[in-house]
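In case you want the letters, here they are:
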Amino acid sequence: MNPRHFISLHDLTSAEIRALIQRAIALKNNRDLTFQPLKGKVLAMIFEKSSTRTRISFETGMIQLGGNALFLSPRDTQLGRGEPLEDSARVISSMVDGIMLRTHRHETVTTFAKYSRVPVINGLTELLHPCQLLADMQTYFEQRGDIEGKTVAWIGDGNNMCHSYINAAALLNFNLNIACPEAYQPEPAIVNASTANVRFFDTPAAAASGADLITTDVWASMGQEQEQKLREQAFKNYQVDRPIMDAAHADALFMHCLPAHRGEEVTSDVIDGPQSVVFAQAENRLHAQKALLELLLSEKCS
Ligand code: CP
Ligand code: NVA
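Residues numbered from 1 in each chain as written. Chains lettered and ligands numbered in written order. Predicted model: local features only at pLDDT ≥ 70, side-chain atom pairs only at ≥ 80, totals over all residues. Heavy atoms only, no water.

(A) Up close: unusual backbone geometry. In the segment running from Leu258 into Pro259, the intervening peptide bond is cis, with an omega of 5°. Locating Pro259 in the fold gives a position in the loop between strand E9 (253-256) and helix H11 (268-271). The phi torsion at Leu124 lies on the positive side, around 125°, for a residue other than glycine. Within the fold, Leu124 resides in the loop between strand E4 (120-122) and helix H5 (130-144). Looking at Leu124, the relative accessible area reads 7%, which means it is buried. At Asn173, a position not held by glycine, the phi torsion is positive, near 55°. Within the secondary structure layout, Asn173 lies in the loop between helix H6 (160-172) and strand E6 (175-179). (Helix = DSSP H or I, 4+ residues; strand = E, 2+ residues; numbered from the N terminus. Buried < 20%, exposed > 50% of the residue type's maximum accessible area, 1.4 Å probe, protein only.)

(B) Quick peek at the site of ligand 2. In the neighbourhood of ligand 2, the contacting residues comprise Leu124, Asn159, Asn160, Asp217, Ser221, Met222, Cys257 and Leu258. Between Ser221 and ligand 2, the recorded distance is 2.7 Å, taken from a side-chain N or O atom to a nitrogen atom. Expressed as a share of its isolated accessible area of 270 Å², the protein-covered part of ligand 2 is 93%. (Near = heavy atom within 4 Å. Polar contact = N/O pair within 3.5 Å; in protein donor to acceptor, adjacent residues only side chain to side chain. Areas by Shrake-Rupley, 256 points an atom, 1.4 Å probe, with all protein chains shown as cover.)

(C) Representation of the site of ligand 1. For ligand 1, the full set of nearby residues is Ser51, Thr52, Arg53, Thr54, Arg102, His129, Gln132, Cys257, Leu258 and Arg285. When the free accessible area of ligand 1 is taken as 260 Å², the share hidden by the protein chains comes to 96%. Its residues assigned to classes, the shell around ligand 1 shows two nonpolar, five polar and three charged. (Nonpolar A, V, L, I, M, F, W, Y, C, P; charged D, E, K, R; others polar.)

(D) Representation of H6 in the model. Taking 1.5 Å per residue as the helical rise, H6 with its 13 residues ought to reach 18 Å, and the 18 Å between its terminal C-alpha atoms agrees with that figure. Most of H6 is tucked away, with twelve of its 13 residues classed as buried. For H6, the complete set of buried residues consists of Asn160, Met161, Cys162, His163, Ser164, Tyr165, Ile166, Asn167, Ala168, Ala169, Leu171 and Leu172. Structurally, the start of H6 carries an N-cap: the backbone nitrogen of Met161 is 3.0 Å from a side-chain oxygen of Asn159. (Expected span 1.5 Å × (residues − 1).)

(E) A look at the packing of H5 against helix H12 (residues 278-297). In contact at an axis separation of 8 Å, H5 and H12 are set at 110° when each is read in the N-to-C sense. Between H5 and H12, the angle falls in the class roughly perpendicular. Pair H5 / H12 crosses with right-handed handedness. Note on element contacts: H12 touches H5 through Ala280, Gln281, Asn284, Arg285, His287, Ala288, Gln289 and Leu292, opposite Cys131, Gln132, Leu134, Ala135, Asp136, Gln138, Thr139, Glu142 and Gln143. Of the residues that constitute the contact of H5 with H12, the class distribution is six nonpolar, eight polar and three charged. (Axes fitted to C-alpha atoms, helices over the stretch in contact; angles between N-to-C directions. Parallel < 35°, antiparallel > 145°, perpendicular 65-115°, else oblique. Left-handed = near helix turned anticlockwise from the far one by under 90°. Contact = heavy atoms within 4.5 Å.)

(F) Highlighting the environment of Asp246. Following the sequence through the fold, Asp246 ends up in helix H10 (residues 242-247). Between the C-alpha atom of Asp246 and that of Ala211, which follows or precedes it by 35 residues, the distance is 10.0 Å.

(G) Quick look at the sheet that holds strand E2 (residues 68-72). Overall, parallel pairing links the four strands, which are arranged E2-E1-E3-E4 in an open sheet. Both outer strands of the open sheet, E2 and E4, are each paired with one neighbouring strand and no more. Across the sheet, the axes of successive neighbouring strands diverge by a mean angle of 20°, strand direction being ignored. Pairing analysis gives five bridges linking strand E1 (residues 42-47) to strand E3 (residues 98-102), with the strands arranged parallel. Of the residues in E3, the one forming a bridge with Ile46 is Leu101. (Pairing = 2+ DSSP bridges.)

Dropping the structure here:
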């Protein structure tokens, strides 16, 4: 049987995402240490880029579910010396029960999935960050209930996080207002699959108007460090500050996948203020991914 991968949110149905969110909430409240559905299972974690939340949440999640996780850096494996991805995927997947990858090129993850005999999970590529969206959606559901019909404003770069919000808008049927500088718009191919749920605005204030959730991300993602100065100029009018939050509903939430740059994409008073749920969101990476690991790696599903 072909393994089930999680490379994009579209690898799950709307019903499965809602069920996974409820499962994540249940696991968060589960204090039963004898619950070990992944006993004896091993997750390989391949990181080409830095990580705090993704690494710790996957590793802790595997341990809490009774399994183990291996941190693999290309620096220390033959991947960094050019062993073909196809061979690496075959070899690694012959020894472990799941593979999580964070890579520079999305194609690395899709190639792994093609040649892996176990589930492959996208832990962030330059194109998508679907695991973060599971945590974001869990956080919204916990704080406000189902997101269907609500309005989310994405302000800033049309990047991997923006792309996964576009996917989520179609799957969970919410409205996504996007305000990005002209040269930093999201990929048309991703937008075109969600047109009914996505609208574009010229200014952050217009996108934020009437929103239930305001979210943003860094102006320069991993791998774009050399563009930092250029991007600071391009994004200077795209900061989430108090006036932007005031344009949204009075009870609107603020989210950021973190790490954040206070004084750039968000002001301190917003990210450290009462509408911000960024630390609940970060913690939910653990719970949402435990639900995902249980779904993909437990006996009954793999
Ligand atoms: N949000 C997120 O993926 O954080 P890390 O880069 O620390 O994993
Ligand atoms: N867009 C950011 C997200 C980090 C979690 C990046 O790719 O660096």
